[in-house]
Amino acid sequence: MSEKAQLIALKNSEEFNSIFSRLLKNENSISESEKEYILLCALLFFKVYNNDNRYKSYFRLVYYIILKYSLLFRDFRPLYDISLQIGFYPVCKTILDKNLIELNSISSLLSYKIIGEKFINAREGYLETLEQHSASIFLLKSNLEGLVYVAPTSFGKSSLIKDFIINNSFKKIGIIVPTKSLLVQNFKDIKDLNLSYKLITHDEMYFGEEKFIGVLTQERATRLLRKNVSFDILFIDEAHNLFRYNKKNSRGILLTRLIEMNRAVNNHKVIYLSPLIDLPENIKSSENSNIESVIVKHNLKSEEIFLWENEITSIYNRYTNEYLKINERIGFYEYIQFNSKKKNFIYNFRPKNIEILSRELYDNLPTDEDDDEINQIINTVSSEVHDKFYAIKYLKKGIVYIHGKIPNQIKEYLEFKFKKISNLKYIIANKVILEGGNLPIDTIFITSTNYLNGKDLVNLIGRVNRLNYVFQEQDLYKLIPKIHFINRVDFQGNYSMKNKIELLRNHSFKDKLENPLLKNYNIDDLDFAKTEYLTKEQVKERRREKDQKLRENTFFIIENRNTEAQDIRIKKYFIENSFEEIYENFDNVIPQIILNFELFTQTEWGNLNLIQKVTAIFISNLTDKIIDYEVERLKNPAAQNYYNFYLTTTQKQALKQNIISTFQFFKTKANTLDPYIFIGKSYGEVIRNSNVYNSQVYKDTVYVNLQDKSDEILINLSVIKIKIEEDFVSYKLNKLITFLFDFGLISEDEYLNHVYGTTNIELIKLVRLGLITSVAHKLLDDDQISNLNLNEFGNLSANQNFYNYLELQNDFFQFEVRKFL
């Protein structure tokens, strides 16, 4: 009988099922003999696990029974004893620090003293678990080139990075993070160590230093390799991203190529860090790479899962796969309010629904008294964005919402304030919350399970009651996070949540390898669906051809890394920068691009603006080869004029100026014969029939008719539109412009003016560090550059005059600057 089947069979034991159900439902009507019985059952299950460690669900059941029993009946001796036995030393420490039990023997006191001395992380100031401590020692001693550390969220992965750097003599160190938000967080962590390394967060901050630590995205790290630099050690944060490759996410390909390109020139070490890898062998991309791995198997947290559906509340018994009814007739927002704690996360995958949830929650919450800190945020956001920005109203009742269509600087500011201000009680967001810093979240309400697989759910749930907050506050009740699935048809659709909830019975989830550059990739493991034009088999065959091309291109850039022939240099550049996502077959594109170079005299070329140059090289005579729907827009003269204005004017303005300009543009366009604006699938309302573009994307509901929209709606559409264009310029258009610079087709001044809005080197240094352009320009305008200093290690410091100046600035400006001081 399988492990799951054995656990389901427990419901056939009437006595166990009765007692465990009451324990699960928080009922304290359990007699002394029943307490003894359930604890004896726990010991029996623990024996099953000890006899065969593959039975991890038995361990989870044992730990939950004892943890819940101890918290419900305030009897912490069983929890202390099992925590001591399995190495959950932070739990032991909290029990003793709070005087929840007494140690009555000399041997017990000595044991605790030895544990406190041996397992303390002195630098970080916390006690490690046995597994965590053993993993750290093993990995630090290993001489193999590849190491994989798999551990639940907040199990010391960032501490391990610091240990490797401090305890070794690596000169060129790369910490590769998936997003710019995580880049800032990791940069601050490393900066606080005060090491004798140049710190860089951008490839253009490197000037031949012998020792540096680069906290970089995979794109920036790849560009750094082109400067004949190689890393002695790479730390790959969120390494499960290596598995991914699909139309919306090519991060796995970029990461794999980065590792392989670096391996080709340097016998480097690679540390893979993730909470979500099942088989570490799956991370390998080369036959020649050797890896060792450590997997932390046990989590100190044991969540309880609730389902609200049709106004009925149940708690899910994931061991016996049963839903136990605990409440009837409670409304959606009443349920949220009743189960809310100090800090609450409401999840929905769709940005538009996030805004609807925010509005409806606001309408259902009682009026709060004025809060000075929240009023300051409201004033700041009004000043930086617009007073009609939806988020401002919701802040008044302690609600923050964020999603990927909000400009990054505002998203990060709101996350920071949610973390710091106690009366901000709700954050409503999608997966974008996984890309930011560590937030204090006491409970989660999941309002849609669409596009969430088992690993996504584990990652999402792992954000609740992070261990650093649990043990800083010494609150053992937080070891049982409350996870609420709330099913309302307009957020979830006509789909049950139960199939996703029941995934959480599993203690691990099989790795889904979509990346064809990985050694264990197998196309037969992927699922394919037919399209309007292709059968399932044809879709699979196209994928097979694309996989082969990706492998050939990866081999090409490694084999030709030192070649200087122009056509090969261009092809290498295209591969390294994922131009595969722009053109259908760039082997056929490159000859035309070279020909496009040669169509202009020097004078003719000099008379073109930057967008005209991009169009002349990458669009002209190539429109039938373009597969990226956003790049395809550049063939339209109206789009060319729009982006020329964007590059020369819009991106140099402060966010509020951009919003006002976009709003005014929308108002004007609303009164024309063509009142439609492209806004994307997330906010699109109508289909616009047009033969201008080839991509099927434009034939979907991706447009908004601006007619009859209120000013408030237009302002908020302007915020979204600005973020869409920021992302296009940052991730796609800039790629094309950088190509022109790297191949000598535009001057350095033209390049710098485009990227940074200036040729002032001191100002550029600040922007490269991470300051947004408008903040850097204000520092220049206010004559504050002389009060700042970038030392030899790339750390930004300031004198007292600057701090006096900073105190006089608004809250948002202070937030942006203090991130880097």
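This section reports on the structure supplied with the text. (Residues numbered from 1 in each chain as written. Predicted model: local features only at pLDDT ≥ 70, side-chain atom pairs only at ≥ 80, totals over all residues. Heavy atoms only, no water.)

### Some remarks on the overall build of the protein
Within the protein, the regular secondary structure consists of 35 helices and 21 strands. Against the compact-globule benchmark of 28 Å for 821 residues, the protein has a radius of gyration of 28 Å, which places it among compact chains. If you line up the protein on its principal axes, its C-alpha atoms span 95 × 70 × 60 Å. Taking all 821 residues of the protein together, the buried fraction comes to 57%. A sequence separation of at least 24 residues applies to 69% of the contacts in the protein between residues at least 6 apart. With an accessible surface of roughly 35900 Å², the protein has 47% of that area assigned to carbon and sulfur atoms. Between the averaged position of the 107 positive side-chain charges in the protein and that of its 106 negative side-chain charges there is a distance of 2 Å. (Helix = DSSP H or I, 4+ residues; strand = E, 2+ residues; numbered from the N terminus. Rg over C-alpha atoms; globule rule 2.2 N^0.38 Å. Buried < 20%, exposed > 50% of the residue type's maximum accessible area, 1.4 Å probe, protein only. Contact = heavy atoms within 4.5 Å. Areas by Shrake-Rupley, 256 points an atom, 1.4 Å probe, with all protein chains shown as cover. Lys, Arg positive; Asp, Glu negative; His and termini not counted. Charge placed at Lys NZ, Arg CZ, Asp CG, Glu CD.)

### Observations concerning the nonpolar core
In terms of nonpolar packing, the biggest core is built from 255 residues, with F574, Y583 and F618 touching the most fellow members. Once residues within four sequence positions are removed from consideration, F574 is found in contact with F579, E580, Y583, F586, V589, I590, I593, F618 and F739. Of all hydrophobic cores here, the second largest spans six residues; its members include Y521, I523, L534 and V539. (Core = buried A, V, L, I, M, F, W, Y, C linked by side-chain atoms within 4.5 Å.)

### Some details on the environment of L23
Structurally, L23 can be placed in helix 2 (residues 14–24). Among the residues examined, L23 registers a relative accessible area of 1% and is labelled buried. Residues L23 and G208, 185 residues apart in the sequence, show an inter-C-alpha distance of 63 Å. The residues touching L23, leaving out its near neighbours within four places in the chain, are I30, Y64, I65, K68, Y69, L72 and F73.

### Things to note about unusual backbone geometry
Within the chain, N99 stands out as a residue other than glycine whose phi angle is a positive 55°. When you line up the elements, N99 lands in the loop between helix 6 (89–97) and helix 7 (106–118). For N99, a relative accessible area of 65% gives the class exposed. Here N228, not a glycine, exhibits a phi torsion of approximately 60°, which is positive. Turning to its location among the elements, N228 is positioned in the loop between helix 11 (218–225) and strand 7 (233–236). Judged by its relative accessible area of 76%, N228 falls in the exposed class.

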